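What follows is each chain in one-letter form.
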Amino acid sequence: MADDALALTSGNTSPLLSFETQLLQKSPDIEAWFRSQWHQTAPPFYCSVDLRNAGFKLAPVDTNLFPGGFNNLNPEFETVCVQAIQSAVERVCPTATSLLLVPENHTRNKFYLENVATLYDLIQKAGFHVRIGSLLPDLREPTELLLEISGRKLLLEPLQRTGDKLHLSGFEPCLVLLNNDLSGGIPEILQNLDQNVMPPQALGWHSRLKSSHFSYYREVAREFGEIAGIDSWWVDPLFRNCGQINFLKREGEECLISNVELLLEDITAKYKQYDIKEQPFVIVKSDAGTYGMSVMTVRSVDELREMNRKARTHMASAKEGRDVTGAIIQEGVYTFETWGAEQHTAEPVVYMIDRFVVGGFYRVNEKRGNQENLNSPGMSFKPLPFESCCSHPDRRLSPDAMPNRAYAYGVVARLALLAAAREVAASREQLAAKAA
């Protein structure tokens, strides 16, 4: 195997191989089911999903509705991205000619800026006028940034609002595309707009909860299990949540401990059912937020009781300095995939635009083990080394051949996309009910 190839090293492959075999046999039924679901519920504009492949289980652990990292995708899949953007825009606004892209305020993050530049290029290649409206409070006039990595240029312009519409000087967009997860809340300029805004502001991390998303995902996984003829646990991470918690003051700690204990018991029962010899563990993380912050691995409740102040401080703060007030306790899913001769721990991240898988990459971390959060210092990104971007199986090959494993990634990622679609639809219904 080449040094840059990704190898599955788990010995516990039997259930996953059974799963992949089922996908090959059931792929026409699975694809028909997905098509019917998209007729019922429109997909989000875009989405990325972090997966973990334990050999005995393949499941999503995070779903991001405001994905960065488009610069890490394989450039060979650019045509797929462009066509998917055309489909996504047509679904929202069939007559659209122009898009306003609203990014994060990370002007010092050279990697994030490359993501914005890639998105900008893809939207432009999809046949739309596109400009970048910035939320930076001190931006008073158009400012050009020269990107350090690629040498590309980005023009940031101050976002403007007239009445209930966003615009730029001389630019009236048909659609506003947010690449800002609104962790700090919805800025006043984005509130109460009468305009197509994707994804909806209400799904920003100021209010969105991971436990809510995985509740929708549980329903989707159960339906999928019936279609595919599998135990839905193979694709569904068990979870519990605690509503109110303060890690620094140790408030809500008993709720956390009891839920961790119950979840470890549930995981142990499933491991016994499938004769899995690994040690069960859970991941405790903030119920809202991203960037891999406020995450810890727990193998026993004693680890929670014995948390020192440094660990509690780490768990207490999320993006933009927000306090962590709720926690999701999620079944820990091993990742038995490694990258390269050094066998650094890796996990696949799959990207979707509209209902289409458009590629992905492996998050690789040389400093973390197979039970730990890889979205942390030491990580790097390797584009998916597949000839196709997880979109279809090849029945001529074995079930665990790379194209079919990639298809398995794409199927599970689309399950998370469907859960996010239902989440978006429910949010809109709630907003409509409040407005009525």
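Residues numbered from 1 in each chain as written. Predicted model: local features only at pLDDT ≥ 70, side-chain atom pairs only at ≥ 80, totals over all residues. Heavy atoms only, no water.

**Brief notes about the overall build of the chain**
In step 1: Within the chain, the secondary structure is distributed over eight helices and 19 strands.
In step 2: For 436 residues, the compact-globule formula gives about 22 Å, and the C-alpha radius of gyration of the chain, at 21 Å, lands near that figure.
In step 3: Considering only intrachain contacts with a sequence separation of at least 6, the fraction spanning at least 24 residues in the chain is 70%.
In step 4: Split by element, the accessible area of the chain, about 18,800 Å² in all, is 48% carbon and sulfur.
In step 5: With 44 positive and 54 negative side-chain charges, the chain shows a spacing of 2 Å between the two charge centroids. (Helix = DSSP H or I, 4+ residues; strand = E, 2+ residues; numbered from the N terminus. Rg over C-alpha atoms; globule rule 2.2 N^0.38 Å. Contact = heavy atoms within 4.5 Å. Areas by Shrake-Rupley, 256 points an atom, 1.4 Å probe, with all protein chains shown as cover. Lys, Arg positive; Asp, Glu negative; His and termini not counted. Charge placed at Lys NZ, Arg CZ, Asp CG, Glu CD.)

**Observations regarding the pairing of strand β17 (residues 344-353)**
In step 1: Of all ten residues making up β17, nine are buried, and the element is well covered by its neighbours.
In step 2: Bridge analysis of strand β2 (residues 46-53) against β17 gives five bridges, and the strand direction is antiparallel. Looking at β17, one finds that Y46 is bridged to I353.
In step 3: Looking at chain direction, strand β16 (residues 337-339) and β17 are connected through three bridges and run antiparallel. For E337, the partnering residue across the bridge sits in β17 and is A346.
In step 4: Where β16 hands over to β17, the hairpin turn is made up of four residues, of which G340 adopts a positive phi near 75°.
In step 5: With nine bridges connecting them, β17 and strand β18 (residues 356-365) associate as antiparallel partners. What sits directly across from V349, in β18, is F361. (Buried < 20%, exposed > 50% of the residue type's maximum accessible area, 1.4 Å probe, protein only. Pairing = 2+ DSSP bridges.)

**Points about helix α2 (residues 78-92)**
The periodicity of an α-helix, 3.6 residues per turn, causes residues three or four places apart in sequence to face the same way.
In step 1: Across its 15 residues, α2 extends 21 Å between first and last C-alpha, which sits within 8% of the 21 Å expected from 1.5 Å per residue.
In step 2: By the burial criterion, the buried members of α2 are C81, V82, A84, I85, A88 and V89. An end-on view of α2 places all buried positions within 165° of arc, on one side of the element. Seen from the buried face of α2, the exposed residues on the opposite side, beyond 90 degrees, are T79 and E90. (Expected span 1.5 Å × (residues − 1). Arc of directions from axis to C-beta.)

**Considerations on the nonpolar core**
One recurring pattern in soluble globular proteins: nonpolar side chains tend to sit buried together.
In step 1: Counting residues in hydrophobic clusters, the biggest one holds 76 residues, and the most contacted among them are F19, F224, F247, V260 and V284.
In step 2: The element contributing the most residues to this core is helix α8 (residues 402-435), with twelve residues.
In step 3: Not counting chain neighbours up to four residues away, the residues in contact with F19 comprise L58, F224, I230, W234, V235, A408 and V412.
In step 4: One finds L73, L101, L156 and V358 within the second-largest nonpolar core, a separate group that totals 39 residues. (Core = buried A, V, L, I, M, F, W, Y, C linked by side-chain atoms within 4.5 Å.)

**Let's talk about the pattern of salt bridges**
In step 1: Overall, the coordinates contain 23 salt bridges when judged by the stated rule.
In step 2: For the salt bridge of D194 with K165, the shortest nitrogen-to-oxygen distance reads 3.8 Å. Note that D194 is positioned in the loop between β10 (175-179) and β11 (197-198) and K165 in strand β9 (residues 165-167), a separation of 29 residues in sequence.
In step 3: By sharing partners, the salt bridges in this structure join D50, R52, E347 and R363 into a single network. (Salt bridge = Lys/Arg side-chain N within 4 Å of Asp/Glu carboxyl O.)

**Focus on the side chain of E423**
In step 1: Assignment of secondary structure puts E423 in helix α8.
In step 2: Those residues in contact with E423, other than ones at most four positions away along the chain, are L203, R208, L209, H213 and Y216.

**Here's the deal with the packing of aromatic side chains**
In step 1: Tallied over the entire structure, the rule returns 19 aromatic pairs.
In step 2: When the ring of F70 is compared with that of Y351, the centres are 5.1 Å apart and the planes differ by 80°; the resulting orientation is edge-to-face. Linking F70 in the loop between β3 (58-64) and α2 with Y351 in strand β17, this pair joins segments that are 281 residues apart in sequence.
In step 3: A relative accessible area of 3% places Y351 in the buried class.
In step 4: On the numbers, 5.4 Å between centres and 45° between planes, the contact of Y351 with F361 is tilted. One end of the pair, Y351, is in strand β17; the other, F361, is in strand β18, with ten residues separating them in the sequence. Like Y351, the residue F361 is buried in the burial classification.
In step 5: Joined through ring pairs, the aromatic side chains of F45, Y46, F70, Y351, F361 and F381 make up one cluster. (Phe/Tyr/Trp six-rings, centres within 6.5 Å; stacked < 30°, edge-to-face > 60°.)

**Points about the sheet that holds strand β14 (residues 295-298)**
Consider a sheet: its strands pair through backbone hydrogen bonds, and that pairing is either parallel or antiparallel.
In step 1: A sheet is described by the order of its strands in space; here four strands give the open sequence β12-β15-β13-β14, paired in antiparallel fashion. In the strand order of this sheet, the two ends are held by β12 (239-242) and β14, each with one partner. Going from strand to strand, the sheet's axes swing by 20° on average, the running direction of each strand aside.
In step 2: Relative to the sheet, helix α4 (residues 210-228) contacts β12, β13 (282-286) and β15 (327-331), its axis offset from that of β12 by approximately 150°. (Axes fitted to C-alpha atoms, helices over the stretch in contact; angles between N-to-C directions.)

**A look at the packing of α2 against helix α3 (residues 110-125)**
In step 1: Two numbers describe how α2 lies on α3: the axes approach to 8 Å, and their chain directions differ by 65°. The orientation of α2 relative to α3 falls into the category roughly perpendicular. Both α2 and α3 take part in a crossing whose hand is right-handed. Mapping the contact onto sequence places E78, C81, V82 and I85 in α2 and L122, I123 and K125 in α3.
In step 2: For the contact of α2 with α3, the residue count by class is five nonpolar, no polar and two charged. (Parallel < 35°, antiparallel > 145°, perpendicular 65-115°, else oblique. Left-handed = near helix turned anticlockwise from the far one by under 90°. Nonpolar A, V, L, I, M, F, W, Y, C, P; charged D, E, K, R; others polar.)

**A closer look at the environment of V61**
In step 1: You can see V61 is positioned in strand β3.
In step 2: Given the relative accessible area of 12%, V61 is considered buried.
In step 3: In this structure, the C-alpha to C-alpha distance between V61 and L154, residues 93 residues apart in sequence, is 33 Å.
In step 4: Excluding residues that lie within four positions of it along the chain, V61 makes contacts with D50, R52, F214, K285, Q330 and V333.

**Let's talk about the sheet that holds β11**
In step 1: A sheet is described by the order of its strands in space; here six strands give the open sequence β6-β7-β5-β4-β10-β11, paired in mixed fashion. Lying at the two open borders of the sheet, with one neighbouring strand each, are β6 (143-146) and β11.
In step 2: Where β10 and β11 come together, two bridges link them in parallel fashion. The residue bridging L177 from the neighbouring strand is M198, located in β11.

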